[in-house]
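# Survey of secondary and tertiary structure
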Amino acid sequence: MRALVPFVIVGITTGAVYALASMGLVLTYTTSGVFNFAHGAIGMFATFVFYQLRVAADWPTWLAVAVAVLVVAPAMGVVVDRVLLTRLQGASPATYVVVSLGLLVALQSAAVAIFGGETRQVAAIFPTRGFEVSGVRVGYDQTIVVAIAVVAGLALAAFFRRTHLGLATRAVVGDRDLTELVGTDARAVTTFSWVLGSAFAALSGVLFAPVVGLDAVLLTLLVLQAFGAAVVGRLRSLPLTNLGAYGIAIVAAISTKYVATNRALIGLPSAMPFIALFLVLVVSPKGSFAAVSGEGSGRAGGGSGGGGGGRGGRRTTLPMRTLVPVVAGAAVLPAVLNGSQLLVASTAVAFVAIFASLSLLVGLSRQLSLCHAVFVVFGATTLSHLLSAGVPYVAALLLSALVLVPVGALVAIPTIRLSGLFLALGTFAFGALAQNLLYNNSFAFGRDAQVNLARPSLFAGDTAFYYFILAVVTVAVLGVELVRITRLGRILAAIGDSPAAVQSIGVSPTASRVMVFCLAAFVAGIGGGLLGSLIGSVSTLSFDFFQSLIWLTVLVTAGAATLGGSVLAALLLIAVPSVFTSPTVVQWQPVAFGVAAIVFAQSPNGIAGYLRRPDFPELARRSAWRTDRRRATERRAGAILASDGRV
Amino acid sequence: MLRLAGVRAGYRRTEVLHGVDLVVPPGAAVALLGANGAGKSTLLRVAAGLLPATGGSVWFGEERIDRLTTHQRTRRGLCLIPEGRAIFRPLTVRQNLAMQVGGKQVDDAVDRAVAAFPMLGDRLGQVAGTLSGGQQQMLAVARALVTDPALVLADELSVGLAPVVVDEIFEAVAALRAAGRSLLIVEQYVDRALAVADYVYILHKGRIAFVGEPAQCRADDVYRQYLGSVA
């Protein structure tokens, strides 16, 4: 027992930081109805500013902390609220998730582009000397961090209980219009809650940086671990959130003691918050996670249901007018491309399948999958294992994708009965969990952190394999498009609009949703297998779960509702970067995706929705009119000439 | 007190109000009648600032208010009780009253609300969403009583309520009238509205079709034309 005490102390310190971060998260969620996936990214960005001020500008530590926490982070909160969220009033929860994911991707990529991707050491903020409690050394810094978290928590509780502004923040999220009607400035209240929440994010980032170092990716994700604690608190209760934060951190710290001897569990401690997140979502009774957003916005403007509304006209036929020209165009590409360009083209075609599968979820049934990279990775690793076992290629490809069907169900079933936001959270947790816990196992990458994949022997050459990919992807895309135009597709679209209405006609929304998740996993798995064979090997680093988030932003930008959007998304993600190869462009590209996702979050079909197919009959009519007019002019001119100018 | 001049408004591309002129004189009660979809609620929402006017102007006293936000209009003494239960469901009754008065003199507000609706007195600590429909509406109407507004806009106060409760609600409306407040009432019980009103406006397909006194309005042809054969 005694041996555990140091781990508990480490756990409490970490828990204090989690608590700060998750309280900020709960604060913005309960007061604005927006679950801020970018919460960690805001904290990370403010921490970078703190570091720059302290190290580069040589400011005193306390001043740098104060500016980062009390000026920079609140300013970011104001910008998020006033610039990004105001125009989203009354949008669907999925739209808000996309916007905050776009912000996460943009901020994190911007931090890497500006400050560089390497991890910096951050000197301690508080004295690191310590004292002994029954033989165990406790640092002053640890004590101070815990004290700050406790004081901040108590202050927040007092703010909600005792002040009128605290009451107003709760009123705003309940009913925005009514808050205005009783004479309270609802916008100011929401902005204030973003200011407060962002300050909490920054505080947790600054306090955590000396422990883990300053790293754009690491710090964003560490604060993301606060999600687990926030969900323990049902995204509402601050005391439970605190309890969750300390509980998760202590269990994680203690588990480090035991996993040191077991290779397979090496990722367990860092996965603990996500395990908690996933478990809480899975075991929660239905209804315990009713989203706070939407309750109040329903009244306004007769339900101007933002992103959920028009998804373009519903098609009843396959989109042959897109499919045929695209496939035909793709088929002639090998004739004009050189070797490396052909490789890019092959990758892009494989990604069309991945994006098409994602668009089934995001575009058709408004379900956000944040673990698509997992499907792709498992598709590739399973294919590799099957091929090593001597299974013929096409059979292995289908089998590996089939294996993903239960995986899709595993992700979908527990979380799908909750609302859109919690499905996003559940898939997010699964993505992180899979990467931390499952990738190292022998059924995935195993010890080498890499698997090799062969190509089918008949299509081993680059050009031949390109056509193989094109054929398989065309079939897969046709399958996806078939779903769109069949009854299942109509049901899914209807679920996106009103689950209750679907139930009332005797269809189970859950069954349909799970089915489409399985199908999406299947198609994504095929895409993963093809990509793996194309490159020849896939490693744990090829598709980290951040990729899932980027894919989502790219798809939303390009257009999630149609095949054209999926093709455009693949071009944006794969082909464009291969044209612009300067390091600056490559670095800023994800920033652009993030920002674009924010811009297009409310457009039903992204950029593709704005692209109009030329109306050939109309063009023909116009040119015919021009020809007629020209002829008429010529006739008149001829007449004038013939009459010698005497008109 | 309130004057709408040539007000146009709508949702997205659908225009609902096609240039409406309406006046609520100081201290007068005006009933706004019309069939479903005529634009009554839209008109109230425009007056309160929940929906922007796309044309025309809105005046409150001497001040033009159509560019002000909703809470600014409320602070100037305009009080809209929207259709449905205009309460904060997750908050307690007491907290609701505190929000209504902006956190100042909450005890006084509670006393006045309980004086008007004694039923609320036992339930101050109860979460408002768990009240009965009638009690919720009383809590909503209490706002007009505890905040001393110059003008009360009431949208379908009687919807979904038992007749006994409607009586109680309309007693409160009568009290408001006795206290000299200006009233603009949208109501499905035409007779109840006519009983309180000094003037009647009938809105028909987004335009004012009739202005007059209740007695004129009771004339058969007006009734038949715009309100169905209720009488």
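Remember, predicted model here, so these are calculated numbers, not experimental data.

What counts, and at which threshold
Residues numbered from 1 in each chain as written. Chains lettered and ligands numbered in written order. Predicted model: local features only at pLDDT ≥ 70, side-chain atom pairs only at ≥ 80, totals over all residues. Helix = DSSP H or I, 4+ residues; strand = E, 2+ residues; numbered from the N terminus. Rg over C-alpha atoms; globule rule 2.2 N^0.38 Å. Buried ≥ 20, exposed ≤ 12 C-beta atoms within 10 Å, placed from the backbone. Contact = placed C-beta atoms within 7 Å. Domains from an automatic or database assignment. Nonpolar A, V, L, I, M, F, W, Y, C, P; charged D, E, K, R; others polar. Pairing = 2+ DSSP bridges. Axes fitted to C-alpha atoms, helices over the stretch in contact; angles between N-to-C directions. Parallel < 35°, antiparallel > 145°, perpendicular 65-115°, else oblique. Left-handed = near helix turned anticlockwise from the far one by under 90°. pLDDT = per-residue confidence, 0-100.

## Topic: the overall build of chain B
Of the regular secondary structure elements, chain B holds ten helices and ten strands. The C-alpha radius of gyration computed for chain B amounts to 17 Å, which stays within 12% of the reference 17 Å derived for 231 residues, consistent with globular compactness. In terms of overall dimensions, chain B has C-alpha extents of about 50 × 40 × 35 Å along its principal axes. Per-residue burial over chain B gives 46% buried out of 231 residues. Once local pairs closer than 6 in sequence are excluded, the contacts in chain B between residues at least 24 apart make up 65%.

## Remarks on the domain arrangement of chain A
Residues and elements named next belong to chain A. Considered domain by domain, chain A is made up of domain 1 (2–283), domain 2 (318–544) and domain 3 (616–647). Computed over C-alpha atoms, the centres of domain 1 and domain 2 are 33 Å apart. Taken residue by residue, the interface counts 19 residues in domain 1 and 20 residues in domain 2. Secondary structure elements with two or more residues in the side of domain 1 that touches domain 2: helix H4 (93–115), helix H10 (226–232) and helix H12 (268–283). In terms of residue count, H12 provides more of the side of domain 1 that touches domain 2 than any other element does, nine residues in total. A per-class count over the side of domain 1 that touches domain 2 returns 16 nonpolar, three polar and no charged.

## Here's the deal with the sheet that holds strand E5 (residues 63–64) of chain B
Residue and element names in this part refer to chain B. Sheet architecture is open: four strands sit in the order E2-E1-E4-E5, paired in antiparallel fashion. The open sheet is flanked by strand E2 (14–24) and E5, the only strands paired with a single partner. Sheet analysis places strand E4 (residues 55–60) next to E5, joined by two bridges and oriented antiparallel. Across the sheet, the residue bridging to Trp59 is Arg64, located in E5.

## Describing the packing of helix H15 (residues 372–388) of chain A against helix H21 (residues 509–535) of chain A
Residues and elements named next belong to chain A. Two elements in contact, H15 and H21, have axes whose closest approach is 7 Å; the angle formed by their N-to-C orientations is 55 degrees. Overall, the two elements H15 and H21 adopt an arrangement that is oblique. Between H15 and H21 lies a crossing of right-handed hand. Seen from H15, the contacting residues are His372, Phe375, Val376, Val377, Phe378, Gly379, Ala380, Leu383 and Ser384; seen from H21, they are Ala521, Ala524, Gly525, Ile526, Gly527, Gly528, Gly529, Leu531 and Gly532. Looking at side-chain class alone, the contact of H15 with H21 contains ten nonpolar, eight polar and no charged residues.

## Description of the environment of Val150(A)
Structurally, Val150(A) is set in helix H5 (residues 140–162). The sequence separation of Val150(A) and Leu20(A) amounts to 130 residues, and the corresponding C-alpha distance is 8.7 Å.

## Re the environment of Asn36(B)
Position of Asn36(B) among the secondary structure elements: in the loop between strand E3 (29–33) and helix H1 (40–48). Sequence-wise, Asn36(B) and Ala115(B) are 79 residues apart; in three dimensions their C-alpha atoms are separated by 35 Å.

## Looking at the confidence of the model for chain B
The pLDDT averaged across chain B works out to 88; a share of 97% of its residues lies at or above 70. Our summary of model confidence lists the complex with pTM equal to 0.80 and ipTM equal to 0.91.

## Considering the pairing of strand E6 (residues 78–81) of chain B
Residue and element names in this part refer to chain B. Burial along E6 is two-sided: Leu78 and Leu80 facing one way and Cys79 and Ile81 facing the other are all buried. In this structure, E6 lies alongside strand E7 (residues 151–155), joined through four bridges in parallel fashion. Its bridge partner being in E7, Cys79 is matched across the sheet by Val152.

## Quick notes on the packing of helix H1 (residues 5–32) of chain A against H5(A)
In helix packing, the relevant descriptors are the interaxial angle and the interaxial distance, both defined with respect to the helix axes. Residues and elements named next belong to chain A. Relative orientation of the contacting elements H1 and H5 amounts to 30 degrees, with a least axis distance of 9 Å. When the axis of H1 is compared with that of H5, the two are roughly parallel. Viewed along their axes, H1 and H5 form a crossing whose handedness is left-handed. Of H5, the residues touching H1 (which contributes Ile9, Ile12, Thr13, Ala16, Val17, Ala19, Leu20, Met23 and Leu27) are Gln142, Val145, Val146, Ala149, Ala152, Gly153 and Leu156.

## So, the interface of chain B and chain A
Across the contact, 23 residues belong to chain B and 18 residues belong to chain A. Only helix H2 (70–75) and helix H3 (93–100) of chain B provide two or more residues apiece to the side of chain B that touches chain A. Partitioning the side of chain B that touches chain A into residue classes produces eleven nonpolar, nine polar and three charged.

## What about the sheet that holds E7(B)?
All names here are of chain B. Within the open sheet, the six strands sit side by side as E6-E7-E8-E3-E9-E10. Their pairing is mixed. Each edge of the open sheet carries a strand with a single partner, namely E6 and strand E10 (207–212). Taken pair by pair, the neighbouring strands of this sheet meet at an average axis angle of 15 degrees, ignoring direction. Inspection of the sheet shows E7 paired to strand E8 (residues 182–186) by five bridges, in the parallel sense. Looking at the pairing, Leu153 lines up with Leu184 of E8. H1 rests against E3, E6, E7, E8 and strand E9 (199–204) of the sheet, and its axis sits at about 145 degrees to E7.

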